[in-house]
Amino acid sequence: MLDMQERKTQSISDIIRERRSIRDFKPDPIDKDVIVSLLNDAVYAPNHGKREPWRFILFEGEGKKTFAEAVIDTYSPEQREKKATDMAAYYQNIPYHLIVVMPEDPRQKKWEEDICATSALIQNFQLLAWEKEIGVCWKTNLYSLEPSFREKVGVEPGEKIVGVLHIGYFEKIPKAKKRTLVEEKLVTINE
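In this report, we go over the structure that sits alongside the text. The model shown is predicted, which means the values in this text are computed figures rather than measured ones. (Residues numbered from 1 in each chain as written. Predicted model: local features only at pLDDT ≥ 70, side-chain atom pairs only at ≥ 80, totals over all residues. Heavy atoms only, no water.)

1. What about the nonpolar core?
Formed by 25 residues in total, the largest nonpolar core has its most connected members in Phe67, Ile99, Phe149 and Val153. When residues of this core are traced back to their parent elements, those giving at least two are β1 (55-59), α4 (63-72), α5 (77-93), β2 (96-103), α6 (108-131), α7 (147-153) and β4 (159-169). Of the residues forming this core, the biggest block, five residues, is contributed by α4. Setting aside residues no more than four positions away along its own chain, Val153 makes contact with Ile57, Phe59, Phe67, Ala70 and Ile99. Counting 22 residues, the second largest nonpolar core, distinct from the first, contains Ile30, Ala45, Val100 and Val162. (Core = buried A, V, L, I, M, F, W, Y, C linked by side-chain atoms within 4.5 Å. Buried < 20%, exposed > 50% of the residue type's maximum accessible area, 1.4 Å probe, protein only. Helix = DSSP H or I, 4+ residues; strand = E, 2+ residues; numbered from the N terminus. Contact = heavy atoms within 4.5 Å.)

Next up, the structure:
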């Protein structure tokens with residue numbers, strides 16, 4: 001891990017390459033104002049027509065029980081028996097759960113623009129958090145499609161969950177996974 005002085009001089013490229021999805025969080029609290037500040041910067045993501053299609057649902061403190069119960073309620077009876085207790089404890093140990101939603105516009109072009117913009121916002125948030133040594137894991141699990149989960153966590157009819165973000169401080173940075181060189185995926189047309 002870099003010390004704070006080294007981190008302050010990091011380029012955007014360094015932060016992009018260093019950022020990892022964090023799954024193991026310290027239970028240390030994060031001031032909610034930090035999360036709000038990061039979101040206030042992240043909303044500068046490009047968004048067509050300045051529609052700002054996103055909305056946020058944040059779970060902290062006792063609210064994390066609501067989140068955990070909503071996830072566990074989507075489990076089969078066998079899954080509940082095997083992992084409900086462990087998962088409830090896991091979710092309680094993460095300082096924040098942030099659900100990012102957007103309207104499901106029936107017009108395909110607007111829907112695509114909005115999901116791209118909301119995804120860019122989430123990536124902005126992850127990079128900004130990483131800069132502050134806060135880890136994020138962006139989840140798109142099947143539970144987010146379940147009507148019972150959506151209702152229990154406050155997703156409105158006509159909204160799509162773009163991501164569930166687990167947020168907290170971390171102790172260890174997972175090793176980087178190899179990326180495919182762009183040259184292997186780049187097609188250049190020059191005629």
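2. Considering the side chain of Gln126
Take Gln126: it is sitting in helix α6. Only 2.7 Å separates the side chain of Gln126 from the side chain of Gln123, close enough to count as a polar contact. The contacts of Gln126, once residues within four sequence positions are left out, are Arg19, Val136 and Trp138. (Polar contact = N/O pair within 3.5 Å; in protein donor to acceptor, adjacent residues only side chain to side chain.)

3. Let's talk about the packing of α4 against α5
Viewed as axis vectors pointing N to C, α4 and α5 meet at an angle of 155°, and their least axial separation amounts to 9 Å. In terms of their interaxial angle, α4 and α5 are classed as roughly antiparallel. Taken as a pair, α4 and α5 cross one another with a handedness that is right-handed. Taken together, the residues of α5 that come into contact with α4 (itself represented by Lys64, Lys65, Phe67, Ala68, Val71 and Ile72) are Arg80, Ala84, Ala88, Tyr91 and Gln92. (Axes fitted to C-alpha atoms, helices over the stretch in contact; angles between N-to-C directions. Parallel < 35°, antiparallel > 145°, perpendicular 65-115°, else oblique. Left-handed = near helix turned anticlockwise from the far one by under 90°.)

4. With respect to the sheet that holds β4
The strand order across the open sheet formed by four strands is β1-β2-β4-β3, and the pairing between neighbours is antiparallel. Each edge of the open sheet carries a strand with a single partner, namely β1 and β3 (134-139). Shown here is a sheet whose adjacent strand axes are inclined to one another by a mean of 25°, direction ignored. Inspection of the sheet shows β2 paired to β4 by eight bridges, in the antiparallel sense. Residue pairing in the sheet places Tyr96 in a bridge with Ile167 of β4. (Pairing = 2+ DSSP bridges.)

5. What to know about the pattern of salt bridges
A complete count under the given rule lists eight salt bridges for this structure. With its nearest N and O atoms 2.7 Å apart, the salt bridge here joins Glu113 to Arg51. Note that Glu113 is positioned in helix α6 and Arg51 in the loop between α3 (32-42) and β1, a separation of 62 residues in sequence. A relative accessible area of 28% places Arg51 in the partly exposed class. Connected via shared salt-bridge partners are Arg51, Lys109, Glu113 and Asp114. (Salt bridge = Lys/Arg side-chain N within 4 Å of Asp/Glu carboxyl O.)

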